[in-house]
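Summary of the model geometry
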Amino acid sequence: MAKTKSAYFCQSCGFETAKWLGKCPSCNSWNTFVEEVIEKTTAKVPTWKSAGSSTRVNKPSKVATIESSTEKRMLTGDQELDRVLGGGLVLGSVTLIGGEPGIGKSTLMLQLALNMGSKRILYISGEESEQQIKMRAERITATPTADCYILTETSTQNIFKQIEELEPEIVIVDSIQTLHSAHIESTPGSVSQVRECTAELLRFAKETDTPVFLIGHITKDGAIAGPKILEHMVDTVLQFEGDRHHIYRILRSIKNRFGAAAELGIYAMNSSGLREVTNPSEILLSQREEELSGIAISATLEGARPMLIETQALVSTAAYGTPQRSATGFDTKRMNMLLAVLEKRCGFKLSARDVFLNLAGGIRVEDPAIDLAIMVAIISSHEDVSIPSKFCFAAEVGLSGEIRAVNRIDQRIAEADKLGFERIFVSKYNLKGLNLEKYKLEVVGVGKIEDVFSALFG
Ligand code: TYD
Ligand code: MG
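On a predicted model such as this, the values are computed, not experimentally measured, just so you know. Counting restarts for each chain: residues are numbered from 1 in the order of the written sequence. Chains and ligands are labelled sequentially in the order written, the chains with letters from A and the ligands with numbers from 1. Only residues with pLDDT of at least 70 are given local features in this predicted model, and only at 80 or more are side-chain atom pairs given and counted; all residues enter the totals for whole chains, interfaces and linings. With hydrogens and water stripped out, all remaining heavy atoms of the structure feed into the side-chain values.

1. Some details on the overall build of the protein
Rule in force here: A run of DSSP states H or I qualifies as a helix once it reaches four residues; a run of E qualifies as a strand once it reaches two. Both are numbered from the N-terminal end. We call two residues in contact when some of their heavy atoms are within 4.5 Å. The accessible surface values rely on the Shrake-Rupley method and a 1.4 Å probe; as for residues, cover is taken only from the protein chains in view. Charged residues are defined narrowly, with Lys and Arg counted positive, Asp and Glu counted negative, and His plus the chain ends left uncounted. Charge coordinates come from a single atom per side chain, which is NZ of Lys, CZ of Arg, CG of Asp or CD of Glu.
When helices and strands are counted, the protein shows twelve helices and 23 strands. Once the C-alpha set of the protein is aligned to its principal axes, its extents read approximately 85 × 55 × 50 Å. Considering only intrachain contacts with a sequence separation of at least 6, the fraction spanning at least 24 residues in the protein is 67%. By element, 50% of the accessible surface of the protein is carried by carbon and sulfur atoms, the whole surface being about 22100 Å². Of the charged side chains in the protein, 52 are positive and 57 negative; the average position of the first set lies 5 Å away from that of the second.

Written as structure tokens, this is what we have:
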């Protein structure tokens, strides 16, 4: 009998060693090595036509002689998903969807499968029974007419057998951590299993031009469980996020070989599945009658889509010695930096005050153009003076209080104009070459943070 081969894998980054180590030399995390059996002693079971592919030999070819072709895409019927994918689903692509438990990954995928109409789709579930999936399908559509098949199976060898018979046009796997390959003995969800199963599905996708969706669990700190390698292997990585207590969900592209990353799709979770939100600015601006202090609106850009987002701040006297600082939807470190700028450059005494910051709709924003709105919201709460609700802001703020230019300013201005805003504050360095005649709203160029405050608060 052949000897069983095993190795140690870092559960956080997938680094492989022959001996156990306390600290991973690759990602520096401690106590992450687990022994995994990497080769099964029994005879090999065939995977997806693996024998055929290993005998093919590729020759180098000159770039000029390679035929160029645009990748073939199919539309999924879900406009948000199509946009996040960069204009539809690319044939033969493998897409990984990560997200916290209960956020709606299975719902999103099942909904896609049920709404594709004429396409034959195989939904493989290792987590739920056929009945559970049927119940969910009934919630989403009253009469599921789609050509969608459900398979509850976790062995990749059996899955490929079914795929060969059914010949589906799209394959969905829920989730990659529940699959296991007969080639590897370690338990499902371990680094080597996840890697092997993904590799087998990748080979299948590329050889048959079938798009594959993989649902992936995420760990406590938000990374997709299993090795980082997984993210390198697949073509596209999407993250499904949002606050479970809010109804809005955000689909974000983190990596996309076939389109721009940082693209965003917004959904609302209802009692009958996920609904696409095509006009996000409307939901992200709360409907209010009176003007309140501590609120400022920012014209941000997520991916290629401009959005107006409400930022809310609350500044109050600290009850304890150390003031509390907390931000939802925005980086707390960056907020502290903006507070320091306000203190040092503008003389606001904020060091003994609690500061809370919140972005509407449970959305997270990384666009630096939100800086100015955040500072204005903080000062508006601090001084208890409201900002006119038809004003909005789009600029980055530097350490010395200078207002910096941001990218694609015309798109932001156009969106604010469309939504009926009357005045937008931008960096004066953004005004060059800008044709302001076509907008109804007034564009105010500012150079320093003090200029903004004197214009607003006098
Ligand atoms: P699910 O897709 O099971 O999440 P995941 O696969 O990411 O773990 O979503 C589960 C949540 O969504 C659950 O809390 C119930 C809610 N939900 C709705 O609100 N409406 C619906 O129509 C469906 C199907 C689920
Ligand atoms: Mg699920």
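2. Here we look at the sheet that holds strand S12 (residues 248-256)
Which entries qualify depends on this criterion: Should DSSP find at least two bridges between two strands, the strands are regarded as paired. With axes taken as lines fitted to C-alpha atoms, and helix axes fitted only over the stretch in contact, angles between N-to-C directions fall between 0 and 180 degrees.
Strands sit in the order S8-S7-S9-S10-S6-S11-S12-S13-S14 across an open sheet of nine strands; the sheet is mixed. Across the chains shown, the open sheet's two edge strands, defined by having one partner strand only, are strand S8 (148-152) and strand S14 (273-276). Between one strand axis and the next, the sheet turns through 25° on average, direction left out of account. Here strand S7 (residues 121-125) runs beside strand S9 (residues 170-174); their pairing, made up of five bridges, is parallel. From the neighbouring strand, leucine 122 faces S9, where its bridge partner is valine 171. Sheet strands touched by helix H3 (residues 105-115): strand S6 (94-99), S7, S8, S9, strand S10 (212-217), strand S11 (236-241), S12, strand S13 (264-270) and S14. Its angle to S10, the strand with the most contacts, is close to 165°. Helix H6 (residues 191-208) rests against S6, S9 and S10 of the sheet, and its axis sits at about 160° to S10.

3. Details of the nonpolar core
One broad trend across soluble globular proteins is that nonpolar side chains are buried collectively. The cut-off we apply is this: Note on terminology: a nonpolar core comprises buried Ala, Val, Leu, Ile, Met, Phe, Trp, Tyr and Cys residues joined through side-chain atoms within 4.5 Å. Throughout this description, buried means an accessible area under 20% of the type-specific maximum (1.4 Å probe, protein chains only), exposed means over 50%, and partly exposed covers the range between. As used throughout, domain bounds are those supplied by an automatic or database domain assignment.
Ranked by internal contacts, the top residues of the largest apolar core, which has 48 residues, are Leu372, Ile378 and Phe393. Examining the composition of this core, we find that eight residues originate from one element, helix H10 (residues 371-383), more than from any other. Looking at which domains feed residues into this core, each of domain 2 (73-278) and domain 3 (283-457) gives three or more.

4. Re the domain arrangement of the protein
The following threshold applies: By buried area we mean how much accessible surface two parts lose on assembly, using a 1.4 Å probe and totalling the loss over both. We count a salt bridge whenever a side-chain nitrogen from Lys or Arg sits within 4 Å of a carboxyl oxygen from Asp or Glu. Side-chain atoms alone can form a polar contact between residues adjacent in sequence; in general such a contact is a pair of N or O atoms within 3.5 Å, and within protein one must be able to donate a hydrogen while the other accepts it. Residues are grouped as follows: Ala, Val, Leu, Ile, Met, Phe, Trp, Tyr, Cys and Pro are nonpolar; Asp, Glu, Lys and Arg are charged; all remaining types, including Gly, are polar.
Domain annotation for the protein reports domain 1 (6-37), domain 2 (73-278) and domain 3 (283-457). Computed from C-alpha coordinates alone, the two centres of domain 2 and domain 3 are separated by 37 Å. Listed by partner, the interface residues are 14 residues for domain 2 and eleven residues for domain 3. Taken together, both faces of the contact between domain 2 and domain 3 bury some 1100 Å²; the carbon and sulfur share is 51%. The largest share of the area that domain 2 buries against domain 3 comes from Tyr248, Arg252 and Leu264, three residues that together contribute 38% of it. In this structure, the salt-bridge partner of glutamate 241 is arginine 364, at a minimum N-O distance of 3.4 Å. Where domain 2 meets domain 3, there are two residue pairs in polar contact (both at pLDDT 80 or more). At the level of secondary structure, the elements contributing two or more residues to the side of domain 2 that touches domain 3 comprise helix H2 (79-84), S12 and S13. Residue composition of the side of domain 2 that touches domain 3, grouped by class: six nonpolar, three polar and five charged.

5. Side note on the site of ligand 1
Quick reminder of the rule: A molecule or strand has a residue near it when one of that residue's heavy atoms lies within 4 Å.
As a matter of local geometry, ligand 1 sits amid 15 residues, with Gly102, Ser106, Thr107, Asn270 and Gly273 nearest to it. Between threonine 107 and ligand 1, the recorded distance is 2.6 Å, taken from a side-chain N or O atom to an oxygen atom. Against a free-state accessible area of 560 Å², the protein chains account for coverage of 75% of ligand 1. Elements represented by at least two residues in the shell around ligand 1 include exactly H3, helix H4 (130-140) and S13. It is H3 that contributes the most residues to the shell around ligand 1, three residues altogether. Partitioning the shell around ligand 1 into residue classes produces three nonpolar, eight polar and four charged.

6. A few points about the pairing of strand S18 (residues 353-359)
To keep it simple, the criterion reads: Assignment of crossover handedness uses the view with strands pointing away from the viewer, where a clockwise path from the first strand over the helix to the second indicates a right-handed crossover.
Of all seven residues making up S18, five are buried, and the element is well covered by its neighbours. Pairing of strand S16 (residues 305-317) with S18 involves seven bridges; the strand directions are antiparallel. Bridge pairing in S18 places valine 315 opposite valine 355. For the segment spanning strand S17 (residues 325-328), helix H9 (residues 332-346) and S18, crossover handedness is left-handed.

7. Topic: helix H12 (residues 449-457)
Filter applied, for reference: Arc definition: it is the arc formed by the directions from the helix axis to the C-beta atoms.
Within H12 the residues assigned to the buried category are Ile449, Val452, Phe453 and Leu456. Around the axis of H12, the buried residues are gathered within 95° of arc, so they sit on the same side. Directly after H12, the chain includes glycine 458, whose backbone phi takes a positive value near 70°.

8. Here's the deal with the environment of valine 443
When you line up the elements, valine 443 lands in strand S23 (residues 442-446). Beyond its immediate sequence surroundings of up to four residues, valine 443 is in contact with Ile413, Ile424, Val426, Leu431 and Leu436.

9. Here we look at the packing of H10 against H12
Selection criterion: An angle below 35 degrees is treated as roughly parallel, one above 145 as roughly antiparallel, one from 65 to 115 as roughly perpendicular, and anything else as oblique. Should the near helix be turned counterclockwise from the far one by less than a right angle, the crossing is left-handed, whereas a clockwise turn marks it as right-handed.
H12 packs onto H10 with a crossing angle of 50° between their chain directions and a minimal axis gap of 11 Å. In terms of their interaxial angle, H10 and H12 are classed as oblique. Here H10 runs over H12; the crossing is right-handed. Contacts between H10 and H12 involve Leu372, Met375, Val376, Ile379 and Ser380 from the first element and Ile449, Val452, Phe453, Leu456 and Phe457 from the second. Tallied by class, residues from the contact of H10 with H12 come to nine nonpolar, one polar and no charged.

10. Focus: the packing of aromatic side chains
Just so we agree on the cut-off: The criterion for an aromatic pair is that two Phe, Tyr or Trp rings (for Trp, the six-membered ring) have centres within 6.5 Å, with stacked assigned to planes under 30 degrees apart, edge-to-face to planes over 60 apart and tilted to the rest.
Per the stated rule, a full pass over the model turns up seven aromatic pairs. Where phenylalanine 160 meets phenylalanine 204, the ring centres are 5.9 Å apart and the plane angle is 50°; that geometry is what we call tilted. Remark: phenylalanine 204 occurs in helix H6 and phenylalanine 160 occurs in helix H5 (residues 156-166); sequence separation between them is 44 residues. Phenylalanine 204 shares its class with phenylalanine 160; the two are buried. Note on phenylalanine 348 and phenylalanine 453: the rings are 5.6 Å apart at their centroids and 90° apart in plane angle, and the pair reads as edge-to-face. Placement of the pair is phenylalanine 348 in the loop between H9 and S18 and phenylalanine 453 in helix H12, with a sequence separation of 105 residues. Note on accessibility: phenylalanine 348 and phenylalanine 453 belong to one class, buried. The structure contains a cluster of three or more aromatic residues connected by ring pairs, namely Phe348, Phe453 and Phe457.

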